[in-house]
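Analysis of the macromolecular model
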Amino acid sequence: MTQGPLTTEAGAPVADNQNSETAGVGGPVLVQDQLLLEKLAHFNRERIPERVVHARGAGAYGTFTVTADVTRYTRAKFLSEVGKETEVFLRFSTVAGNLGAPDAVRDPRGFALKFYTEEGNYDLVGNNTPVFFIRDAIKFPDFIHTQKRDPYTGSQEADNVFDFWGLSPESTHQVTWLFGDRGIPASYRHMDGFGSHTFQWNNEAGEVFWVKYHFKTDQGIKNLTAEEAEILAGKDPDSHQRDLRESIERGDFPSWTVYVQVMPAAEAATYRFNPFDLTKVWPHADYPLIEFGKLELNRNPENIFAEVEQSIFSPAHFVPGIGPSPDKMLQGRLFGYGDAHRYRVGINADQLPVNRPHATEARTHSRDGYLYDGRHKGAKNYEPNSFGGPTETGRPLWQPIAVTGVTGETVTPVHTEDNDFVQAGNLYRLMTEEEKERLVKNLANAISGVTRDEIAARAINNFRQADEDFGKRLEAAVQALRG
């Protein structure tokens, strides 16, 4: 910032910033002290509504570099040639905690990535887990209400958490992830990221592929035990944010190797389970990981509020060659995220420096609203017009999807091997004996806080259906803790 005299918001120099203006020595403050009123009024409005979920976060800028040719699958220009670099901004976050919550807690981590491409911004808004608790967005508000403070007690309640999970068996896979070793990453640098959802890639020929994104940390996976996290959260609530900032400051730039799983569109209908179900992974034996990029974070934000708190990400921000899938959770997020940002930050949030396109410019006919900067000047605000305004291209970003049937509230399509428990059981059986012991201990400690026996029994039964040994050991551990 340029050095010079302190000024008011309007730019007038300030004579005295230590004493307010009064009616005589020791008298009451005068309403004509506009500097005082300006400062107090601005102070009262310094905060915007925090995110309902993912409120607690940290972010950094960096670079995405293409390392392998994927043009046979997508026509996205930022993926068009090996060696091509695109500026990015990545925001990490916890899910359930508020803005002042500690970082070192058992919670999924948000992994929200903005690519500033020459065709507009592409937002990939994922997590550090490849699956989620539910498969339909209509259940999302209910799910989050169970993770937040109870309306009567004002605290998070184990009864609410396990009541919902027990009545929603599709959550069993994600809950097994969450209470396993990876439920508390040691830092944002030492965890993987996932797009989680299935997305569409389409190439120049119009061929469609379904894809899943994987970001494998180059720092190696490191996690905290429940006991380590409890100590760290109390000693340093900002542990993960501090670790990310300081690593970049010392030039130890965190990086991830980026992979994609690719499914030809024709295979989706007959795949052994629904490939658009967010509670399931695609086994790598069926669709191997294909490396195609490197992500590096190398620059810290200069102002946390402006660049992290006001950063916005929306799964609806696609670019040519990339689009949505019939994933019902994704479909709900296409609306929900943009709507949240319009409420929190305002209708012009997309044009704040951290959010606006960096490699191109937004050319729209939208005008006015809070914090509109007049960037369109006197240009016409309608289309079509004969004054040289921006026009449509006639080429959609993604390919259309064939649909059949009648409208109505429908369950997710069932494929031959669809099951809410199989993949949770597979995950359990992949664990070492030590990992199983920690998983059972973590879950038992949580379930033991449930006050109603039927809620605890129902929750345990979901894990028993995933694996008999899993359920048996968990039941014994809960009974030991509950006496």
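Let us look at the structure shown here. What you are looking at is a predicted structure, and each value in this text was computed from that prediction instead of being measured.

1. Here we look at the overall build of the protein chain
Within the protein chain, the secondary structure is distributed over 12 helices and 10 strands. The C-alpha radius of gyration of the protein chain comes to 25 Å, within 12% of the 23 Å expected for a compact globule of 483 residues. When the backbone C-alpha atoms are referred to their principal axes, the protein chain occupies close to 80 × 65 × 50 Å. Looking at the 483 residues of the protein chain, the share that counts as buried comes to 46%. Sequence separation of 24 or more characterises 74% of the internal contacts of the protein chain that already satisfy a separation of 6 or more. Of the roughly 24,400 Å² of accessible surface on the protein chain, a fraction of 53% belongs to carbon and sulfur atoms.

2. What about the packing of helix α3 (residues 158-167) against helix α11 (residues 453-466)?
For the pair α3 and α11, interaxial distance at closest approach is 8 Å and the crossing angle is 45°. If you check the angle between α3 and α11, you find them oblique. Here α3 and α11 pass one another in a crossing that is left-handed. Between α3, through Asp159, Phe162, Asp163, Trp165, Gly166 and Leu167, and α11, the contact on the second element is made entirely by Ile455, Arg458, Ala459 and Asn462. Grouping the constituent residues of the contact of α3 with α11 by class yields 5 nonpolar, 2 polar and 3 charged.

3. A short note on helix α2 (residues 140-147)
Residues Phe143, Ile144, Thr146 and Gln147 constitute the buried set of α2. For α2, the angular spread of buried residues about the axis comes to 155°, placing them on one side.

4. Regarding the pairing of strand β4 (residues 120-127)
Extensive coverage of β4 is indicated by the burial of 8 of its 8 residues. Looking at chain direction, strand β3 (residues 109-117) and β4 are connected through 8 bridges and run antiparallel. Looking at the pairing, Thr117 lines up with Gly120 of β4.

5. So, helix α12 (residues 468-482)
With 15 residues, α12 extends 21 Å between its outermost C-alpha atoms, agreeing within 8% with the 21 Å of an ideal straight helix rising 1.5 Å per residue. Within the span of α12, buried status applies to Phe470, Gly471, Leu474 and Val478. Each buried residue of α12 sits inside an arc of 90° when the element is viewed along its axis, so together they form one side. What points out from α12, more than 90 degrees from its buried face, is the exposed set Glu468, Lys472, Gln479 and Ala480. Structurally, α12 contributes buried residues whose contacts are with α4 (172-178), α9 (422-430), α10 (433-447) and α11. For α12, the N-terminal capping position is held by Asp467, with its side-chain oxygen 2.9 Å away from the main-chain nitrogen of Asp469. Immediately downstream of α12, the backbone of Gly483 shows phi near 75°, a positive value.

About the criteria used
Residues numbered from 1 in each chain as written. Predicted model: local features only at pLDDT ≥ 70, side-chain atom pairs only at ≥ 80, totals over all residues. Heavy atoms only, no water. Helix = DSSP H or I, 4+ residues; strand = E, 2+ residues; numbered from the N terminus. Rg over C-alpha atoms; globule rule 2.2 N^0.38 Å. Buried < 20%, exposed > 50% of the residue type's maximum accessible area, 1.4 Å probe, protein only. Contact = heavy atoms within 4.5 Å. Areas by Shrake-Rupley, 256 points an atom, 1.4 Å probe, with all protein chains shown as cover. Axes fitted to C-alpha atoms, helices over the stretch in contact; angles between N-to-C directions. Parallel < 35°, antiparallel > 145°, perpendicular 65-115°, else oblique. Left-handed = near helix turned anticlockwise from the far one by under 90°. Nonpolar A, V, L, I, M, F, W, Y, C, P; charged D, E, K, R; others polar. Arc of directions from axis to C-beta. Pairing = 2+ DSSP bridges. Expected span 1.5 Å × (residues − 1). Polar contact = N/O pair within 3.5 Å; in protein donor to acceptor, adjacent residues only side chain to side chain.

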